[in-house]
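# Analysis of the macromolecular model
Here's the letter readout for the chains.
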Amino acid sequence: MTATDAPSNVRIEDGVLRVAVATAANGTSLDIDGITEATAALRAAGSDVGAVLLVGDGANFCAGGNVRAFASAENRGEFVGEIATAFHEFVRALDAVHVPVVAAVHGWAAGAGMSIVCLADIAIGGTSTKLRPAYPSIGFTPDGGMSWTLPRIVGASRAREILLTDAVLNGEEGVRLGLLSRIVEDDQVQDEALRVARTLAAGPSASYAGIKKLFTSSRSNSLSEQLDAETASISAAADGPTGREGVDAFVEKRRPDFSSVRNA
């Protein structure tokens, strides 16, 4: 896939796989066709992808599911179930990628949008950014993994309060709770997130993959098991081309060139 032949919601530029999770066409609700395209792109991502950037094309990052479409469906339960199934394939693909995932969270991140923010490795918000579960407001329960990710980010007690009260969180609260990495001026969100994604895409991809693999194993490992996993991981890194380049560059007092060993 290239920048010229990719669908509008998904494109690769400068080693960054850019995914628009919502567009202005549907009031910045979750774009399920775009999400399906993104799932395929994530699963097909090769060495030309060094980072993933999640954005919203419109006034918001993602205002949640398309409630008007829910209302007009002949069988609402079946329709919403199909949407959730497709959305969850995207979540699984995003969780499985070995490269850093950056989100540019401007405006609202509600419902599915907030679920996506919880999946990012680094989430850049703006001074006007707001996050809200939004599910209780329409009598729904969470999807997109929020019932799994949110307690792990903010703690079980705080997660219950946020979900049950359908709390609206501003950018500063998002940073304090760990949902957002930091905030910048609203007009800088997309540019700053892209800058971070490009920087990561040019970095030590093997190291990032190892870090993400360790985070994944920590979900179920005991401390002792995780220590063993860390030993195996750092040993492999030290003997791999990326680790060798990093150490050699440090000793030689030069900037490491990780691009030279990316496909080694």
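As a convention, each chain's residues are numbered from 1 in the sequence order in which they are written. Given that this is a predicted model, residues contribute local features only at a pLDDT of at least 70 and side-chain atom pairs are listed and counted only at 80 or more, while totals for whole chains, interfaces and linings are drawn from all residues. Water and hydrogen atoms were dropped before computing side-chain values, which therefore reflect all heavy atoms in the structure.

Labelled according to an unreviewed UniProt entry, the protein chain appears under the name Enoyl-CoA hydratase-related protein, originating from Rhodococcus parequi.

### Quick look at the overall build of the protein chain
As a reminder, the rule being used: Strands here are runs of E lasting at least two residues and helices are runs of H or I lasting at least four, both read from the DSSP assignment and numbered beginning at the N terminus. The quantity called the radius of gyration is restricted to C-alpha atoms. Its globule counterpart is 2.2 Å times the number of residues to the power 0.38. Summary of the burial criterion: residues with accessible area below 20% of their type's maximum are buried, those above 50% are exposed, and those between are partly exposed, where the area comes from a 1.4 Å probe applied to protein chains only. Contacts between residues were defined by any pair of non-hydrogen atoms, one from each residue, lying within 4.5 Å. Surface accessibility in these figures is a Shrake-Rupley result with a 1.4 Å probe; residues are shielded only by whichever protein chains are displayed.
For the protein chain, the count of helices and strands is 11 helices and 9 strands. In terms of overall dimensions, the protein chain is globule-like: its C-alpha atoms have a radius of gyration of 19 Å, near the 18 Å expected for 264 residues. With respect to the principal axes defined by its C-alpha atoms, the protein chain has extents near 65 × 45 × 35 Å. Here the protein chain holds 264 residues, and 44% of them are scored as buried. Considering only contacts within the protein chain whose residues lie at least 6 apart along the sequence, 68% involve residues at least 24 apart. Element-wise, carbon and sulfur atoms account for 53% of the exposed surface of the protein chain, whose accessible area totals about 13,400 Å².

### Things to note about the pairing of strand E4 (residues 101-105)
As a reminder, the rule being used: Paired strands, as defined in this entry, are two strands with at least two bridges between them according to DSSP.
In terms of burial, E4 is a largely internal element, 5 of the 5 residues being buried. Residues Val101, Ala103 and Val105 point to one face of E4 and Val102 and Ala104 to the other, with burial holding for every one of them. When E4 meets strand E6 (residues 122-126), the two strands line up parallel, connected through 4 bridges. Bridge pairing links Val105 to Gly125 in E6.

### Thoughts on the confidence of the model for the protein chain
The test is simple: On a scale of 0 to 100, pLDDT captures the predictor's confidence in every residue.
When pLDDT is averaged along the protein chain, the result is 94; 96% of the residues meet or exceed 70. Predicted confidence is poor over residues 1-7, with pLDDT under 50, and the contacts of this stretch with residues over four places away or in other chains come to 10 contacts.

### Some words on the nonpolar core
Using the following cut-off: The nonpolar core is taken to be a set of buried Ala, Val, Leu, Ile, Met, Phe, Trp, Tyr and Cys residues, with the residues joined through side-chain atoms within 4.5 Å.
If you look at the biggest cluster of nonpolar residues, it comprises 48 residues, and the most contacted ones within it are Leu17, Val21, Leu54, Phe61, Phe90 and Leu150. With 5 residues, the single largest contributor to this core is helix H3 (residues 76-96). If we skip the residues at most four places from it in the chain, Phe90 touches Val19, Val21, Ile35, Ala38, Thr39, Leu42, Leu54 and Ile116.

### Some remarks on the state of the cysteines
What counts is decided by this rule: For this text, the term disulfide refers to a pair of cysteine sulfurs within 2.5 Å.
For the structure shown, the criterion picks out 0 disulfides. This cysteine, Cys62, is not joined by any disulfide, and Cys118 carries the nearest cysteine sulfur, 12 Å off. A relative accessible area of 9% means that Cys118 is categorised as buried.

### As for the sheet that holds strand E9 (residues 182-184)
Where we set the bar: Note on geometry: axes are C-alpha line fits, over the in-contact stretch for helices, and angles between N-to-C directions span 0 to 180 degrees.
With mixed pairing, 6 strands are arranged side by side in an open sheet as E1-E2-E3-E4-E6-E9. With partners counted over all chains shown, the strands left at the sheet margins are strand E1 (10-13) and E9, one partner each. Sheet twist, expressed as the average angle between the axes of neighbouring strands with direction ignored, equals 25 degrees. Examined bridge by bridge, E6 and E9 share 3 bridges and lie parallel to one another. For Ile124, the partnering residue across the bridge sits in E9 and is Arg182. Most of the contacts of helix H8 (residues 189-201) go to E4, to which it runs at about 170 degrees, and overall it touches strand E2 (16-23), strand E3 (51-57), E4, E6 and E9.

### A closer look at the layout of surface pockets
To be explicit about the condition: The pocket and cavity definitions rest on a 1 Å grid over protein atoms only: a 1.4 Å probe that fits but cannot leave marks a cavity, an open set with protein on both sides within 12 Å along at least five of seven lines marks a pocket, and residues lining either have an atom within 4 Å of a point. Grid points are joined across faces, edges and corners, and a volume is the space filled by probe spheres set on the points. Residues are grouped as follows: Ala, Val, Leu, Ile, Met, Phe, Trp, Tyr, Cys and Pro are nonpolar; Asp, Glu, Lys and Arg are charged; all remaining types, including Gly, are polar.
Taken as a whole, the largest pocket encloses approximately 940 Å³ of empty space. Considering the residues around the largest pocket, the lining is formed by 33 residues, among which Leu119, Ala120, Asp121, Phe215 and Arg219 are closest to the centre. Put simply, the parts of the chain that give the lining of the largest pocket at least two residues each are H3, E6, helix H5 (146-154) and helix H9 (205-217). Counting residues per element, the lining of the largest pocket draws most heavily on H9, which supplies 7 residues. Of the residues contributing to the lining of the largest pocket, the split by class is 20 nonpolar, 7 polar and 6 charged.

### Brief notes about the sheet that holds strand E7 (residues 130-132)
Adjacent strands of a sheet form backbone hydrogen bonds with each other and so pair up, either parallel or antiparallel. Strands sit in the order E5-E7-E8 across an open sheet of 3 strands; the sheet is mixed. Bordering the open sheet on either side are strand E5 (108-110) and strand E8 (169-170), each of which pairs with just one other strand.

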